[in-house]
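# Structure assessment
So the chains spell out like this:
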Amino acid sequence: MAMALRAASRVLLRAGSRLGRREAVDGARRFANKRVLVETEGAAGATRIAVMKFRNPPVNSLSLDFLTEFVISLEKLENDKSIRGVILTSDSLKRGNQTKVAATEKTEEKRATRDHGGRLQERPGIFSAGLDLLEMYGRNPAHYAEYWKAVQELWLRLYLSSLTLMSAINGASPAGGCLLAITCDYRIMADNPKYTIGLNESLLGIVAPFWLKDNYVNTIGHRAAERALQLGTLFPPAEALKVGVVDEVVPEDQVHSKTLSVMAKWLAIPDHSRQLTKTMMRKATADNLIKQREADIQNFASFISRDSIQKSLHMYLEKLKHKKG
Ligand SMILES: CCCCCCCCCCCC/C=C/CC(=O)SCCNC(=O)CCNC(=O)[C@H](O)C(C)(C)COP(=O)(O)OP(=O)(O)OC[C@H]1O[C@@H](n2cnc3c(N)ncnc32)[C@H](O)[C@@H]1OP(=O)(O)O
């Protein structure tokens, strides 16, 4: 397993440097590639935590490039012995063909956008819109296989990470967005009813993979997962808290500070005992995928290539495109 992960990571690292994606390195305190910004907090020499900010406009979808850059960044953090905790969150996004409100405007208007008539529109934030639908639609089986391998890799890396992982969910988090969150050890969500979280695959005419289903069952229990998966339920914050998809809901402007304070409590636990406990709880679920990774890739590639599935994805994409009109 460790060897397989190391080999896959070497491939990703080579791909990353070939593409020259690293844009800026500022000592050990901040590094970035195009789609993931990593900032570290804490004094040099002391335990530090890192904040991984997604910035893949328009909706932080998990494109192949994003997945590659994400795994490279996570690997760098895993290899940095001073880092013990990582927070996953979304950087602010500019969306669609709307223009960003000028920075000089009132603070409460900064996160809004203007429509074509120049009216201010409050747009919900986005943690991540999940897997990139354009990676799963209209491509060839070899592409689907490559994409799915990268999705598996991301999930395995996060689910088995020895770091303490927390998600600060500052926006909508459907499907693959929820995947990112539920691999974490703790989830804090902004109290904004416009934000929803859950595995909505069934609404798209597709099916969550068994390992994501297992992760969901481990998080919210079998009966709740069975119902939520069939209905494709996207929970607003209060319901997400009730069912256990998230651990805490806090006012939007407190998500970051609250996550930092919860992280401090987790980091007070000795690493070796916490890590062994985490492995004990998660290994069987991860092993289930590891022992059949190749078969899972083939299943995905043939499932997603089906005419009926491509048709469902086409209809869903059209629905997204026309919902504004
Ligand atoms: C029986 C045998 C079984 C064998 C099983 C084998 C295994 C099979 C496994 C298959 C599993 C596949 C798993 C998939 C998991 C996923 O993650 S699927 C993706 C699910 N995501 C969504 O449903 C989210 C869709 N998006 C939204 O709901 C909204 O966009 C939003 C709430 C995130 C944001 O809304 P808003 O701010 O209003 O922006 P929009 O105008 O909607 O979007 C802007 C722009 O982005 C495009 N877009 C949105 N989401 C995605 C996405 N996920 N991927 C790619 N692109 C996306 C959207 O179309 C708009 O594009 P245009 O500006 O119109 O061009």
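So, a few notes on the structure that sits alongside this text. (Residues numbered from 1 in each chain as written. Predicted model: local features only at pLDDT ≥ 70, side-chain atom pairs only at ≥ 80, totals over all residues. Heavy atoms only, no water.)

## Quick word on the packing of helix H3 (residues 141–159) against helix H5 (residues 210–220)
Rules: Simply put, an axis is a line fit to the C-alpha atoms, just over the touching stretch for a helix, and the angle between two N-to-C directions goes from 0 to 180 degrees. Only DSSP runs of H or I reaching four residues or more are called helices, and only runs of E reaching two or more are called strands; each is numbered from the N terminus. Each angle gets one of four labels, with under 35 degrees taken as roughly parallel, over 145 as roughly antiparallel, 65 to 115 as roughly perpendicular, and the rest as oblique. Should the near helix be turned anticlockwise from the far one by less than a right angle, the crossing is termed left-handed; should it be turned clockwise, right-handed. It only takes one pair of heavy atoms within 4.5 Å for two residues to be counted as in contact. Amino acid classes used here: Ala, Val, Leu, Ile, Met, Phe, Trp, Tyr, Cys and Pro are nonpolar; Asp, Glu, Lys and Arg are charged; the rest, including Gly, are polar.
Following both chains from N to C, one finds H3 and H5 inclined at 25°, their axes separated by 11 Å at the closest point. Considering their axes alone, H3 and H5 lie roughly parallel with respect to each other. Crossing of H3 against H5: the hand is left-handed. For the pair H3 and H5, the contacting residues are Trp-148, Val-151, Gln-152, Trp-155 and Tyr-159 in the first and Trp-211, Asn-215 and Asn-218 in the second. Taken together, the residues of the contact of H3 with H5 sort by class into five nonpolar, three polar and no charged.

## A short note on the pairing of strand E3 (residues 36–41)
For clarity, the cut-off: Residue exposure (1.4 Å probe, protein chains only): buried if accessible area is under 20% of the type maximum, exposed if over 50%, otherwise partly exposed. When DSSP finds at least two bridges between two strands, those strands are taken to pair.
Of all the six residues making up E3, five are buried; the element is thus mostly covered by neighbouring parts of the structure. If you look at the hairpin formed by strand E2 (residues 30–32) and E3, you'll find three residues sitting between the two strands. The sheet contact formed by E3 and strand E4 (residues 48–54) spans six bridges and is antiparallel. Within E4, the residue paired with Val-38 across the bridge is Met-52.

## As for the environment of Ala-50
Among the structural elements, Ala-50 can be located in strand E4. Spatially, the C-alpha atoms of Ala-50 and Leu-74 are 9.8 Å apart, while their sequence positions differ by 24 residues. Aside from chain neighbours lying at most four places away, what touches Ala-50 is Val-38, Glu-39, Thr-40, Leu-77, Ile-83, Gly-85, Val-86 and Ile-87.

## A few points about the nonpolar core
What counts is decided by this rule: In this description, a nonpolar core means a group of buried Ala, Val, Leu, Ile, Met, Phe, Trp, Tyr and Cys residues linked to one another through side-chain atoms lying within 4.5 Å.
Phe-70 and Tyr-216 are the most contacted members of the largest nonpolar core, which totals 84 residues. A per-element tally of this core places H3 first, with 11 residues. Ignoring any residue separated from it by four or fewer positions in sequence, one finds Phe-70 in contact with Val-36, Met-52, Phe-54, Leu-88, Leu-154 and Leu-158.

## Considering the packing of aromatic side chains
Our working definition: Pairing of aromatic side chains here covers Phe, Tyr and the six-membered ring of Trp, requires ring centres within 6.5 Å, and sorts the geometry by plane angle: under 30 degrees stacked, over 60 edge-to-face, intermediate tilted.
All told, the structure shown has nine aromatic pairs when counted by the stated rule. On the basis of an interplanar angle of 85° and a centroid distance of 5.7 Å, the ring pair of Phe-54 and Phe-66 is categorised as edge-to-face. Taken as a pair, Phe-54 in strand E4 and Phe-66 in helix H2 (residues 64–79) lie far apart in primary sequence, 12 residues in all. Taking the relative accessible area as the measure of exposure, Phe-66 reaches 0% and is therefore buried.

## Some remarks on the pattern of salt bridges
Selection criterion: Criterion for a salt bridge: a side-chain nitrogen of Lys or Arg within 4 Å of a carboxyl oxygen of Asp or Glu.
Taken as a whole and judged by the stated rule, the model has 18 salt bridges. Among the salt bridges present, the one from Glu-39 reaches Lys-53, with a minimum N-O distance of 3.1 Å. With Glu-39 in strand E3 and Lys-53 in strand E4, this pair connects stretches of sequence that are 14 residues apart. Between Lys-213 and Asp-214 there is a salt bridge, with the nearest N and O atoms lying 2.7 Å from each other. The class of Asp-214 is buried, set by a relative accessible area of 14%. Via salt bridges that share partners, Glu-75, Glu-153, Arg-157 and Arg-293 belong to a single interconnected network.

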